[in-house]
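Observations on chain architecture
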Amino acid sequence: MADDKKLTTREADFSAWYNEVVLRAELADYSPVRGCMVIRPNGYGIWERMQRALDDMFKATGHENAYFPLFIPESFLHKEAEHVEGFAPEVAVVTHGGGKKLEEPLIVRPTSETIIYSMFAKWVQSYRDLPLLINQWANVVRWEMRTRLFLRTLEFLWQEGHTAHATHDEAEEEARQMLGVYSDFMEGHMAMPVITGLKTNAERFAGALRTYACEALMQDNKALQAGTSHNLGQNFAKAFDLKFQAEHGGQEFAWNTSWGVSTRLVGGLVMTHGDDVGVRIPPLLAPTELVIVPIYKSDDERTRILEAADRVEQKLLDWERRDPGRLRIHIDDREGVKPGAKYYEWELRGVPLRMELGPRDVDNNQGVLVRRDTRAKKPVSLDTVGEDVAELLMRIQEDMLIAARDRREANSVRHKISYDDFKDLMEGKGAFVYAGWCGDAACEAQIKEETKATIRVLPDEEFRSAEAPATCLKCGRASTAEAVWARAY
Ligand SMILES: [Zn+2]
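Anyway, here's the lowdown on the structure attached to this text. (Residues numbered from 1 in each chain as written. Predicted model: local features only at pLDDT ≥ 70, side-chain atom pairs only at ≥ 80, totals over all residues. Heavy atoms only, no water.)

1. Here we look at the overall build of the chain
Secondary structure assignment for the chain yields 14 helices and 23 strands. By the compact-globule yardstick of 23 Å for 489 residues, the chain fits well, its C-alpha radius of gyration being 25 Å. Taken along the three principal axes of its C-alpha coordinates, the chain extends 80 × 55 × 50 Å. Evaluated residue by residue, the chain yields a buried proportion of 55% over its 489 residues. Counting contacts in the chain only where the partners sit at least 6 residues apart, residues at least 24 apart contribute 70% of the total. Carbon and sulfur atoms make up 50% of the accessible area of the chain, which amounts to about 21,700 Å² in all. Measuring between centres, the 63 positive side-chain charges of the chain sit 3 Å from its 78 negative side-chain charges. (Helix = DSSP H or I, 4+ residues; strand = E, 2+ residues; numbered from the N terminus. Rg over C-alpha atoms; globule rule 2.2 N^0.38 Å. Buried < 20%, exposed > 50% of the residue type's maximum accessible area, 1.4 Å probe, protein only. Contact = heavy atoms within 4.5 Å. Areas by Shrake-Rupley, 256 points an atom, 1.4 Å probe, with all protein chains shown as cover. Lys, Arg positive; Asp, Glu negative; His and termini not counted. Charge placed at Lys NZ, Arg CZ, Asp CG, Glu CD.)

Below you can see the structure in the form of structure tokens.
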């Protein structure tokens, strides 16, 4: 399956390393259409587990799934001025269908605000119909010029939540709540720590009142915007005549939110946890959590070891019945592939835990567990293997988050940095830089121009520095907000 050539190291060329890992761990492949990707089972298995966890979280917060069409009348995009300006350059347009020129061209959705709020306008009459809390799992198309597998592709998979509320404050609470859901998911499932906060006007979603984001620091010290949540105000409600009969009488425009995460998260997971051997998948998202590699020389040994492997699997399944859905196990009984080659391949593919099972182990009623994250080995008794594996997987999940958070903090710089040093840092190894900002968009634009760094977020209170910065990083005027700067994907 996998070839034996060593991966390019992260140190030598992070970008080449990333592409090689994605291809060789069989997460995705290039497609015949430029800029599109094929997601392979090892990558799709991660996405499916992400979907399942997020879907549960959306439903637990009162949302229902629905589905809206891929095609949107072109005129819809033009109804919200900022929205069309933001998306028009990257929209794919269908002009012909069934061999005929269409009367009105259709756009392939780059996002679904317009079509969804046009439908909400039909469905909402009174304050009693609110809030309306909808999510859809879908694909969208954005005609990007420079593409990277998972990170930026012409077509990608995502979910987009869309809600309508009676008041600004309810919409604001919803936008903040979903940002919290994302950040819980990213830390709890992906073991990827994020900073949450508000986007500046320059970085805000086209058509939104306010955009909030989760930002993670990748191993090359570039930021990844991992998820966004928007308070759309009444902009789309006004454009699509989404009105309701208010409780105290009279017609009012609804307040909307939208929020989304995409298959980009799989790329984020690779760049957060991968090492020079391959990808490392946190147990909660791993399509296979434990692989058992039997070791034998003779046929007789083979029979004995495979029997023991089956016993182990049974033990684990028994344990699983006590804790449903916990364990996903694979016995790699391929013949003609040496154990060492199997280890190499499963490490490349990121399986969090493997068990080596040889004749001497079986004689001693044990197996050897090897962690993918630290590569530490631990012999375990075959009698208690269910418990031991479950516990170790939980430990790996926690340790991966701690390691990722330590790395991020070691690569975060707080204040007391001159603009020259900041420029050097952005051109060199990169970082999250917490610094003061005067609030002037011109200053922000100039920094971007000179360093390619952008304000990732104006961080939420829990991420802010103990002492608020006094002056702007660039101009030295009084700071009005602490900002987190980085170059970004
Ligand atoms: Zn300034």
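2. Section: the sheet that holds strand 3 (residues 64–65)
The strand order across the open sheet formed by 11 strands is 3-7-8-14-11-10-9-22-23-21-20, and the pairing between neighbours is mixed. Edge positions in the sheet fall to strand 3 and strand 20 (412–414), since each has one partner strand and no second. Here strand 7 (residues 132–141) runs beside strand 8 (residues 155–165); their pairing, made up of 10 bridges, is antiparallel. For W137, the partnering residue across the bridge sits in strand 8 and is Q159. Sheet strands touched by helix 6 (residues 168–188): strand 7, strand 8, strand 9 (195–198), strand 10 (210–217), strand 11 (223–233) and strand 14 (255–262). Its angle to strand 14, the strand with the most contacts, is close to 10°. Against the sheet, helix 12 (residues 385–410) touches strand 9, strand 10, strand 20 and strand 21 (432–437), its axis set at about 45° to strand 20. (Pairing = 2+ DSSP bridges. Axes fitted to C-alpha atoms, helices over the stretch in contact; angles between N-to-C directions.)

3. Considering the sheet that holds strand 19 (residues 377–381)
Here five strands make up an open sheet; going across it, the order is 16-15-17-18-19 and the pairing mixed. Strands at the two margins of the open sheet, each flanked by one partner only, are strand 16 (329–331) and strand 19. Going from strand to strand, the sheet's axes swing by 25° on average, the running direction of each strand aside. Examined bridge by bridge, strand 18 (residues 366–371) and strand 19 share five bridges and lie antiparallel to one another. From the neighbouring strand, Q366 faces strand 19, where its bridge partner is S381. Taken strand by strand, helix 12 contacts strand 15 (290–294), strand 17 (353–357), strand 18 and strand 19, and its axis lies near 10° from that of strand 18.

4. Thoughts on the coordination of the zinc ion
Within the protein, C438 (SG), C443 (SG), C472 (SG) and C475 (SG) serve as the donor atoms for the zinc ion, at 2.3 to 2.4 Å. Taken together, the four donor atoms coordinating the zinc ion span angles of 102 to 113° at the metal, a pattern that classifies the geometry as tetrahedral. Binding-site remark: the zinc ion is held by donors from one chain whose sequence spacing is C-x4-C-x28-C-x2-C. A residue pair is termed long-range when its members are at least 10 positions apart, and C443 in helix 14 (residues 441–451) and C472 in the loop between strand 22 (454–459) and strand 23 (481–486) qualify at 29 residues. For the pair C443 and C472, one class covers both residues: buried. (Donors = N, O, S within 2.8 Å, 3.2 Å for Na, K, Ca; no water. Tetrahedral: all angles 85-135°; square planar, octahedral: opposite > 155°, others 65-115°.)

5. Comments concerning the packing of helix 2 (residues 41–60) against helix 8 (residues 264–273)
Helix 8 packs onto helix 2 with a crossing angle of 110° between their chain directions and a minimal axis gap of 10 Å. By the angle between their directions, the pair helix 2 and helix 8 is classed as roughly perpendicular. As for the relative orientation of helix 2 and helix 8, their crossing is right-handed in sense. Counting all contacts with helix 2, which are made through I46, W47 and M50, the residues of helix 8 involved are L265, V266 and L269. The class makeup of the residues in the contact of helix 2 with helix 8 is six nonpolar, no polar and no charged. (Parallel < 35°, antiparallel > 145°, perpendicular 65-115°, else oblique. Left-handed = near helix turned anticlockwise from the far one by under 90°. Nonpolar A, V, L, I, M, F, W, Y, C, P; charged D, E, K, R; others polar.)

6. Things to note about the packing of aromatic side chains
Under the criterion given, the structure shown has 15 aromatic pairs. Ring geometry for Y117 versus F120: centroids 5.5 Å apart, planes at 70°, classification edge-to-face. Here F120 and Y117 lie together in helix 5 (residues 113–123), a separation of three residues that amounts to about one turn. F120 carries the same exposure label as Y117, and that label is buried. When the centroid spacing of 6.1 Å and the interplanar angle of 40° are considered together, the rings of F120 and W123 count as tilted. Taken together, the residues span about one helical turn, with F120 and W123 both in helix 5 at a distance of three residues. The class of F120 is buried, set by a relative accessible area of 0%. (Phe/Tyr/Trp six-rings, centres within 6.5 Å; stacked < 30°, edge-to-face > 60°.)

7. Remarks on a negative patch on the surface
A contiguous patch of negative charge, built from D420, D421, D424 and E427, is present on the exposed surface. Within the element layout of this structure, D424 appears in helix 13 (residues 419–427). (Patch = residues over 30% accessible without salt bridge, like charges linked within 9 Å, V, L, I, M, F, W, Y side chains within 5 Å. Salt bridge = Lys/Arg side-chain N within 4 Å of Asp/Glu carboxyl O.)

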